[in-house]
Amino acid sequence: MIYFNNVSKKYDKDSTALEDVNLTIKAGEFVSIVGHSGAGKTTLAKMILAEEKPTTGSICFESVDVHKLKSKDLTKLRQRIGAVFQDFKLLTNKTAFENIAFAMEAVGKSDEEIMNDVPHVLELVDLQNKIFHFPHQMSGGEKQRLAIARAIINQPEIIIADEPTGNLDPVSTYEVIQILKKINDLGTTVILTTHNRGVVESVGKRVITMEKGKVVRDDKDGKYVI
Amino acid sequence: MMNKLRRVINAGFINFKRNGLISWASVLVVTVTLSVITGIILLQAILNFSLEQIKNKVDVTIYFTVDAPEVKIMSLKESIEKLPEVAEVTYTSADEALALFRERHSDDYPTIQALDEINENPLGAYLNIRAKEVSQYESIANFLSSDDALVLGSSSIIDKVNYHQNKVVIERLNSIISGAQKLGFLVTLFLVIISVIITFNTIRLAIFIAKEEIGVMRLVGASKMRVRGPFVVEGAIYGVIATILSTLIFWPITAWLGHNMTNFLGVNIYDYYVSNFFQIFLIVLLSGIALGVVSSLLAIRRYLNR
């Protein structure tokens, strides 16, 4: 489904974010990408969303090189991917309802669908009481659950969760991981980047370990080993 | 399509409301710019009125000999009226000229007495010519001095043409008028450019604050149009509100100027403002909307390509 072919990323002569990465992620997988800060996990995630361009190599979604897509096609690709970030990246001027509605509007859903689906997804992430709250009126865990609700509302083929538990307490971390597992159980591919050992071990699925921009381990049913 | 448009417009209004102080700061700056534009329109009106007044005071007079037959004068008048540069030609007969002279010198007893003693009209008829532009008097005067252009033999009945006496004054006035018009245009251009730059930077700042959100919208799969649209609508809202505010501000200002400065300015600026209100409102409204929309479009462009 996603292929990294000899991907390298250099910001300048002395700063290498990724070095010769080759990876294949199959549909329906739950892949944890682990490593210390600066190992290249976030760069890898950003490249799938075409937020970052590789210096060399290519990233293909199915048979399409995502960095060769035109603006319109890139928009379409992003509509097939749900993204969750450590800093939530919610629209601060919009309520919980509007944040999710915006993602639905982006793919052209009708007002009726929006009115029906948004309360459901908020209920799924236990935010039914925060429907008209703005992000600044929510806790970190609530914001992250809202971000997940936004990521899954259009039933994407992949969820990219970049350090989604980085700013959360243990209880919220557990809740977020449970939701991601549930989404994966329903058939969605999940790519999770984290440096939280507990998270990786509670998932118990494929683990890719990165160090200084290189993939150093790729274990099925792996554990956090650094 | 209509649904998308409705959502974009709706989002623009909601953003405007929720951005609070930032929105009103932008409205304030656009209001200042539109007030400058309104002020320039009014200043141009005063300048044009004053220049028109001055222009109307300039004319060329052809004085005829005392025995010049009226038929010849009238045929000359007709041929002058056909000149494209000529705005108006007025004929004053010898009798009318005498009556006007007597009226003008009614307090000057010796002159009137001398006139009575002559016992005949010493004044000839004259034609008063007003050109469309001050700069055209020279070509009219040249035309008059060329015998071929006039009715055959008419040069013999012309006593004098006063253009050559007034030439220096007319030329000086002409250069002052064109100088004033050029200066007015340059000042207008300068003020408009400065105001537009300030407005553009304010709106750019408002959009810079939202750059993170723009990136997020793109990441969740929103098209460029869907991201750009509400900002453009917001820009248009700045323009509309600023137009209303600036036209309201000028109501009391022009009323005060009309009441207190009409004699000094030579024109009642309040009357001008009221009678041309819809034209001024339309110019300011279109300028305001264009300013808001174009500034938003330019400012958001750099954040959209992510």
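Here the structure is a predicted model, which is why all the values come from computation and not from measurement.

Rules behind the numbers
Residues numbered from 1 in each chain as written. Chains lettered and ligands numbered in written order. Predicted model: local features only at pLDDT ≥ 70, side-chain atom pairs only at ≥ 80, totals over all residues. Helix = DSSP H or I, 4+ residues; strand = E, 2+ residues; numbered from the N terminus. Rg over C-alpha atoms; globule rule 2.2 N^0.38 Å. Buried ≥ 20, exposed ≤ 12 C-beta atoms within 10 Å, placed from the backbone. Contact = placed C-beta atoms within 7 Å. Nonpolar A, V, L, I, M, F, W, Y, C, P; charged D, E, K, R; others polar. Core = buried A, V, L, I, M, F, W, Y, C linked by C-beta atoms within 7 Å. pLDDT = per-residue confidence, 0-100. Domains from an automatic or database assignment. Pairing = 2+ DSSP bridges. Axes fitted to C-alpha atoms, helices over the stretch in contact; angles between N-to-C directions. Parallel < 35°, antiparallel > 145°, perpendicular 65-115°, else oblique. Left-handed = near helix turned anticlockwise from the far one by under 90°.

Help me understand the overall build of chain B in this model?
Regarding its fold elements, chain B presents 12 helices and four strands. In terms of C-alpha radius of gyration, chain B reaches 31 Å, well past the compact-globule figure of 19 Å for 306 residues. With the principal axes as the frame, chain B shows a C-alpha extent of 100 × 45 × 35 Å. Residues counted as buried form 29% of the 306 residues belonging to chain B.

It is not clear to me how the overall build of chain A should be interpreted in this structure. Could you clarify?
Of regular secondary structure, chain A possesses seven helices and 10 strands. The globule rule puts the C-alpha radius of gyration for 226 residues at 17 Å, and the 17 Å found for chain A is close to it. Summarising its shape, the C-alpha atoms of chain A cover approximately 45 × 40 × 30 Å along the three principal directions. Taking all 226 residues of chain A together, the buried fraction comes to 46%. Of the contacts made within chain A by residues no fewer than 6 positions apart, 65% connect residues no fewer than 24 positions apart.

It is not clear to me how the interface of chain B and chain A should be interpreted in this structure. Could you clarify?
Every contact between the two is made by 12 residues of chain B and, on the other side, 16 residues of chain A. Mapped by element, the contributors of at least two residues to the side of chain B that touches chain A are α1 (2–18), α8 (211–219) and α9 (224–260) of chain B. Per-class residue counts for the side of chain B that touches chain A are four nonpolar, three polar and five charged.

When you look at the nonpolar core in this model, what are you seeing that I'm missing?
The tendency in soluble globular proteins is for nonpolar side chains to be buried side by side. Counting 106 residues, the largest nonpolar core has Ala 149, Ile 159 and Ile 160 of chain A as its most contacted members. Of all the elements, α9 of chain B adds the most residues to this core, at 11 residues. Ranked by size, the runner-up nonpolar core spans 21 residues in total, among them Phe 64, Ala 68, Leu 144 and Ile 158 of chain B.

I would appreciate a short explanation of the environment of Ser 8 of chain A in the present structure.
All names here are of chain A. If you trace the backbone, Ser 8 turns up in strand β1 (residues 2–12). Ser 8 sits in the partly exposed class, given 16 other C-beta atoms within 10 Å. Taking the C-alpha atoms as reference points, Ser 8 and Arg 145, separated by 137 residues in sequence, lie 33 Å from one another. The residues touching Ser 8, leaving out its near neighbours within four places in the chain, are Leu 18, Glu 19, Asp 20, Pro 54, Thr 55, Thr 56 and Gly 57.

Help me understand the confidence of the model for chain B in this model?
Detailed reading of predicted coordinates is not advised where the pLDDT is low. Residue and element names in this part refer to chain B. In this model, chain B carries an average pLDDT of 84, and 96% of its residues clear a pLDDT of 70 or more. Mean pLDDT in chain B bottoms out at helix α6 (residues 137–145), which sits at 76, and peaks at α9, which reaches 92. Quick note on the complex model: pTM equals 0.74, ipTM equals 0.82.

Even after reading the chapter, I still don't get the domain arrangement of chain B, so can you show me in this structure?
A common way to report how large an interface is uses the accessible area buried once the components associate. The domains assigned to chain B are domain 1 (2–54 + 174–304) and domain 2 (66–156). Computed from C-alpha coordinates alone, the two centres of domain 1 of chain B and domain 2 of chain B are separated by 53 Å.

How should the sheet that holds strand β9 (residues 206–211) of chain A be read in this particular structure?
Two pairing modes exist for strands in a sheet, parallel and antiparallel, and in both the strands are linked by backbone hydrogen bonds. All names here are of chain A. Taken together, the six strands give an open sheet; going across it, the order is β6-β7-β8-β3-β9-β10, and neighbouring strands pair in mixed fashion. Because the sheet does not close on itself, it has two edges, and the strands there are β6 (81–85) and β10 (214–219). Sheet twist, expressed as the mean angle between neighbouring strand axes with direction ignored, is 15 degrees. As defined by bridge partners, strand β3 (residues 30–34) adjoins strand β8 (residues 189–194) across five bridges and the pair is classed as parallel. Bridged to Phe 30 within β8 is Val 190.

Is there a simple way to explain the packing of helix α3 (residues 96–106) of chain A against helix α5 (residues 140–152) of chain A in this structure?
How two helices sit against one another is set out by the angle between their axes and by the gap between those axes. Residue and element names in this part refer to chain A. In contact at an axis separation of 8 Å, α3 and α5 are set at 25 degrees when each is read in the N-to-C sense. The angle between α3 and α5 places the two elements in the roughly parallel class. Both α3 and α5 take part in a crossing whose hand is right-handed. For the pair α3 and α5, contact is made by Ala 96, Asn 99, Ile 100 and Ala 103 and by Leu 146, Ala 149 and Arg 150, respectively.

Any chance you could explain the environment of Asn 305 of chain B here in plain terms?
All names here are of chain B. On the secondary structure map, Asn 305 appears in the segment after α12 (277–304). The exposure class of Asn 305 is exposed, given the 8 C-beta atoms found within 10 Å. Put simply, Asn 305 and Lys 224 are 81 residues apart on the chain and 8.5 Å apart in space, counted from C-alpha to C-alpha.

When you look at the packing of α5 of chain A against helix α6 (residues 170–185) of chain A in this model, what are you seeing that I'm missing?
Residue and element names in this part refer to chain A. Put simply, α5 and α6 touch, their axes get as near as 9 Å, and they point 10 degrees apart. Considering the angle they form, α5 stands roughly parallel to α6. The residues of α6 that touch α5, namely those facing Gly 140, Gly 141, Gln 144, Arg 145, Ile 148 and Ile 152, are Ser 172, Glu 175, Val 176, Ile 179 and Ile 183. When grouped by side-chain class, the residues that make up the contact of α5 with α6 number five nonpolar, four polar and two charged.

Quick question: what am I supposed to make of α8 of chain B here?
Three or more residues of α8 of chain B are buried, namely Ile 214, Val 216, Met 217, Arg 218 and Leu 219 of chain B. Looking at the buried residues of α8 of chain B, the elements they touch are α2 (71–78) and β6 of chain A together with α9 and α12 of chain B.

Whenever I open this one, the environment of Leu 168 of chain A confuses me. Can you help?
Mapped onto the fold, Leu 168 of chain A is located in the loop between β7 (158–162) and α6. With 22 C-beta atoms counted inside 10 Å, the residue Leu 168 of chain A sits in the buried group.

Just checking my understanding: could you explain the sheet that holds strand β3 (residues 126–131) of chain B for this structure?
Residues and elements named next belong to chain B. Spatially, β2-β3-β1-β4 is the arrangement adopted by the four strands of the open sheet, whose pairing is antiparallel. Unpaired on one side and paired on the other, β2 (86–92) and β4 (158–161) mark the two borders of the sheet. Sheet twist, expressed as the mean angle between neighbouring strand axes with direction ignored, is 20 degrees. Pairing analysis gives three bridges linking strand β1 (residues 60–64) to β4, with the strands arranged antiparallel. Each bridged residue has a counterpart across the sheet, and for Phe 64 the counterpart in β4 is Ile 158. Across the sheet, helix α3 (residues 70–81) lies against β1, β2 and β3, angled at about 170 degrees from β2, the strand it touches most.

For this particular structure, what's the right way to read unusual backbone geometry?
The phi torsion of most residues other than glycine is negative, and most of the peptide bonds are trans. Residue and element names in this part refer to chain A. With a phi angle near 50 degrees, Asp 20 is a residue other than glycine that sits in the positive phi range. On the secondary structure map, Asp 20 appears in strand β2 (residues 15–25). The class of Asp 20 is partly exposed, set by 15 C-beta atoms lying within 10 Å. In this structure, Ala 50 is a non-glycine residue whose phi angle is positive, near 60 degrees. Within the secondary structure layout, Ala 50 lies in the loop between α1 (41–48) and β4 (56–61).

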